[in-house]
Amino acid sequence: MKNYDVGHVPLRLPRAKQLLATINKNFSTLAFCRRYLDRLGETKYLMALKNLCDSGIIEPCPPVCDVKGSYISQFEHTILLRPTCKEVISKGDDY
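Residues numbered from 1 in each chain as written. Predicted model: local features only at pLDDT ≥ 70, side-chain atom pairs only at ≥ 80, totals over all residues. Heavy atoms only, no water.

Asks: Would you take a moment to explain unusual backbone geometry for this structure?
Replies: Most peptide bonds are trans, and most residues other than glycine sit at a negative phi. Of note in the backbone geometry, Ser28 takes a positive phi value of approximately 55 degrees without being a glycine. Residue placement: Ser28 occurs in the loop between helix H1 (14-26) and helix H2 (34-39). The residue Lys44 is not glycine, and still its phi comes out positive at about 50 degrees. Tracing the sequence through the fold places Lys44 in the loop between H2 and helix H3 (46-54). Taking relative accessible area as the criterion, Lys44 reaches 78% and is therefore assigned exposed. (Helix = DSSP H or I, 4+ residues; strand = E, 2+ residues; numbered from the N terminus. Buried < 20%, exposed > 50% of the residue type's maximum accessible area, 1.4 Å probe, protein only.)

Following this line, the structure appears as structure tokens:
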């Protein structure tokens, strides 16, 4: 995800500047994964992404993991799975 506290960092690679513009436009400071960049049509971005990480603009987040063999999911809301229904517990004004 993009580091909120980082100021202006000069980038030398034009591809890194282009990728940063795409990240700013679509994600801002929200966490994203490489799959999301693929869905946006970005190709050949690994070197630019590494440059952004090395310069401190993007902070890599490790994947969420738990007990080996179990499934992990991440949502913006808390859900409760019951045998007969699914309930969103964290409904608020923003939902």
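Okay, back to it.
Asks: Got a minute to help me understand H3 in this structure?
Replies: Since the α-helix advances by 3.6 residues per turn, residues separated by three or four positions end up pointing in the same direction. Within H3, the full set of buried residues consists of Ala48, Leu49 and Leu52. Each buried residue of H3 sits inside an arc of 100 degrees when the element is viewed along its axis, so together they form one side. Across from the buried face of H3, at angles greater than 90 degrees, the exposed residues are Met47, Lys50 and Asp54. Close packing links the buried residues of H3 with H1 and H2. (Arc of directions from axis to C-beta. Contact = heavy atoms within 4.5 Å.)

Asks: So what exactly am I meant to see when it comes to the state of the cysteines here?
Replies: Summed over all chains, the structure comprises zero disulfides. Its sulfur unpaired, Cys33 is 11 Å from the next cysteine sulfur, which belongs to Cys61. Taking the relative accessible area as the measure of exposure, Cys33 reaches 25% and is therefore partly exposed. Unpaired in this structure, Cys61 has its nearest cysteine sulfur neighbour in Cys53, at a distance of 9.4 Å. Assessed through its relative accessible area of 45%, Cys61 is described here as partly exposed. (Disulfide = S-S within 2.5 Å.)

Asks: Got a minute to help me understand the side chain of Thr22 in this structure?
Replies: Relative to the assigned elements, Thr22 resides in helix H1. According to the relative accessible area criterion, Thr22 is buried, its value standing at 14%. When sequence neighbours within four positions are dropped, the list of residues in contact with Thr22 reads Leu40 and Glu42.

Asks: Explain the packing of H1 against H3 to me, please; I cannot follow it from the model alone.
Replies: Any two packed helices are characterised by how steeply their axes cross, that is the angle between the axes, and by the distance between the axes. One can describe the packing of H1 onto H3 by two numbers: an axis separation of 9 Å at closest approach and a directional angle of 80 degrees. As far as their axial angle goes, H3 and H1 are roughly perpendicular. Where H1 approaches H3, its residues Arg15, Ala16, Leu19, Leu20 and Ile23 are matched on the opposing element by Ala48, Leu49, Asn51 and Leu52. Across the contact of H1 with H3, the residue classes break down as seven nonpolar, one polar and one charged. (Axes fitted to C-alpha atoms, helices over the stretch in contact; angles between N-to-C directions. Parallel < 35°, antiparallel > 145°, perpendicular 65-115°, else oblique. Nonpolar A, V, L, I, M, F, W, Y, C, P; charged D, E, K, R; others polar.)

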